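Each chain is listed here by its residues.
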Amino acid sequence: ENNLKGEREMTQRRAVALGSFDGLHRGHRAVLDLALSFKERGFEPCALAFDEHPLKVVGAGSPPELMTRQARDEMLESLGITVQKISFARIADMSARQFVNEILIDELNAGAVCCGYNYRFAKNAAADSHDLEELCKAHGVLCAVAQRTEYNGAPISSTRIRNALSNGYVEDANAMLGREFSYKFTVVSGDRRGRLIGAPTINQHFPEGFIVPKFGVYASCVPIDGELHAAVTNIGRRPSFTCDDLRSETCITDFSGDLYGKDVEVRLLQYIRPERVFDSLDALGDQIAQDAQKAREIFNKTEK
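Bear in mind the structure is a predicted one, so any value in this text is a computation, not a measurement.

Procedures and definitions
- Residues numbered from 1 in each chain as written.
- Predicted model: local features only at pLDDT ≥ 70, side-chain atom pairs only at ≥ 80, totals over all residues.
- Heavy atoms only, no water.
- Salt bridge = Lys/Arg side-chain N within 4 Å of Asp/Glu carboxyl O.
- Helix = DSSP H or I, 4+ residues; strand = E, 2+ residues; numbered from the N terminus.
- Buried < 20%, exposed > 50% of the residue type's maximum accessible area, 1.4 Å probe, protein only.
- Arc of directions from axis to C-beta.
- Contact = heavy atoms within 4.5 Å.
- Phe/Tyr/Trp six-rings, centres within 6.5 Å; stacked < 30°, edge-to-face > 60°.
- Pairing = 2+ DSSP bridges.

Novice: Even after reading the chapter, I still don't get the pattern of salt bridges, so can you show me in this structure?
Specialist: For side chains of opposite charge, pairing can occur when their charged atoms come near one another. Here the structure, examined in full by the defined rule, presents 10 salt bridges. A salt bridge links lysine 85 to aspartate 73; the nearest nitrogen and oxygen atoms lie 2.9 Å apart. Here lysine 85, found in strand S3 (residues 82-86), pairs with aspartate 73, found in helix H4 (residues 69-78); they are 12 residues apart in sequence, far enough to count as distant. By relative accessible area, which is 10% here, aspartate 73 ends up buried. In this structure, the salt-bridge partner of glutamate 265 is arginine 267, at a minimum N-O distance of 3.3 Å. The network of salt bridges with shared partners includes Arg72, Asp73 and Lys85.

Printed below as a string of structure tokens:
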């Protein structure tokens, strides 16, 4: 034990942020900001991230993801926070004391621990933030608890954001996220319907387990080579084309170029209308042009 303690003291101590970090919304950011605040004390900010959702491990069925794990890790690193991965199955049956001693202190060399007001941990989620504070105090480890972050009078949560997206309330979801909801998937071949309005179309499939927003047409924007382009995105099964292929189809205005095979990010700004069946390609083309014009107007009003 003395040798282990000596090894810990020789390595940089960490400020460990704890949570599910599903979506990295404003509530998560409050916890991460606490971890970053310990940087001035010489602690390395890090986030303890799970390799899969805890509910999946306990057999309850995991909710759809608000962002891929790769996107989550990239965003954490862009904030200056290193990512420490752990299997939830490994810690699911640990007592609170075991988790603090074996994972936070022995393995991660925590000098500070940060969590949200509603954080729960240990077997059967039996321990809370108060228990964490007491256990950390016993080892001389600092513990900071973020107060709840609210939107429209209620706590921000990943569940609320998922519900907002499922109902087409993109602006509410974006306000809770603190940024536009986005996804970045590989562009696949499509019907090239964007040619109807003289703009390229990118088609993307949602991977299994990722949230699918309410079917319909959205004002969106697409970053390409550091520049944001106004766009209009259709999410759904394209009823005018009698196909059952769920996809995101985005017409990018003011851009010309081939994006096939590339990973492209689409950011949703506002829900415009539900999907509709059109009698002809001309009628569809007219509607796409109207949608694109409305999307440009929404894009121009959005703070860049």
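Novice: In this structure, what is going on with H4? I would like to understand it.
Specialist: An α-helical turn contains 3.6 residues, so a residue and the one three or four places further along point in the same direction. What H4 keeps buried is the set Arg72, Asp73 and Leu76. Buried residues of H4 fall within an arc of 95 degrees about the axis and therefore sit on the same side. Opposite the buried face of H4, by more than 90 degrees, sit the exposed residues Gln70 and Ser78. Packing partners of the buried residues in H4 comprise helix H2 (26-37), strand S2 (44-50) and S3. After H4 finishes, the residue glycine 80 shows a positive phi value of roughly 90 degrees.

Novice: I keep staring at the packing of aromatic side chains and nothing clicks. Help me out?
Specialist: The description of an aromatic ring pair rests on the distance of the ring centres and on the angle between the ring planes. All chains considered together, the criterion is met by 12 aromatic pairs. On the basis of an interplanar angle of 35 degrees and a centroid distance of 6.3 Å, the ring pair of phenylalanine 181 and phenylalanine 210 is categorised as tilted. Note that phenylalanine 181 is positioned in the loop between helix H9 (170-177) and strand S10 (182-186) and phenylalanine 210 in the loop between strand S11 (201-204) and strand S12 (216-224), a separation of 29 residues in sequence. Here phenylalanine 185 and phenylalanine 206 contribute two aromatic rings whose centre-to-centre distance is 6.1 Å and whose plane-to-plane angle is 75 degrees, an arrangement assigned as edge-to-face. Residue phenylalanine 185 is found in strand S10, and its partner phenylalanine 206 is found in the loop between S11 and S12; the two are separated by 21 residues along the sequence. Take phenylalanine 185: its relative accessible area is 9%, and that puts it in the buried class. Looking at phenylalanine 206, the relative accessible area reads 12%, which means it is buried. What links up through ring pairs into an aromatic cluster is the set Phe181, Tyr183, Phe185, Phe206 and Phe210.

Novice: Can you help me understand the pairing of S12 in this one?
Specialist: Successive residues of a regular strand alternate their side chains across the two faces of the sheet. Of all nine residues that make up S12, eight are buried, and the element is covered over most of its length. In this sheet, strand S13 (residues 227-236) lies alongside S12 in antiparallel orientation, the contact comprising nine bridges. Following the sheet pairing, proline 223 is matched in S13 by leucine 228. Between S12 and S13, which pair antiparallel one after the other, the connecting turn spans two residues, and aspartate 225 there sits at a positive phi close to 50 degrees. One ladder, built from five bridges, connects S12 with strand S15 (residues 263-273); its direction is antiparallel. If you follow alanine 219 over to S15, its bridge partner there is glutamine 270.

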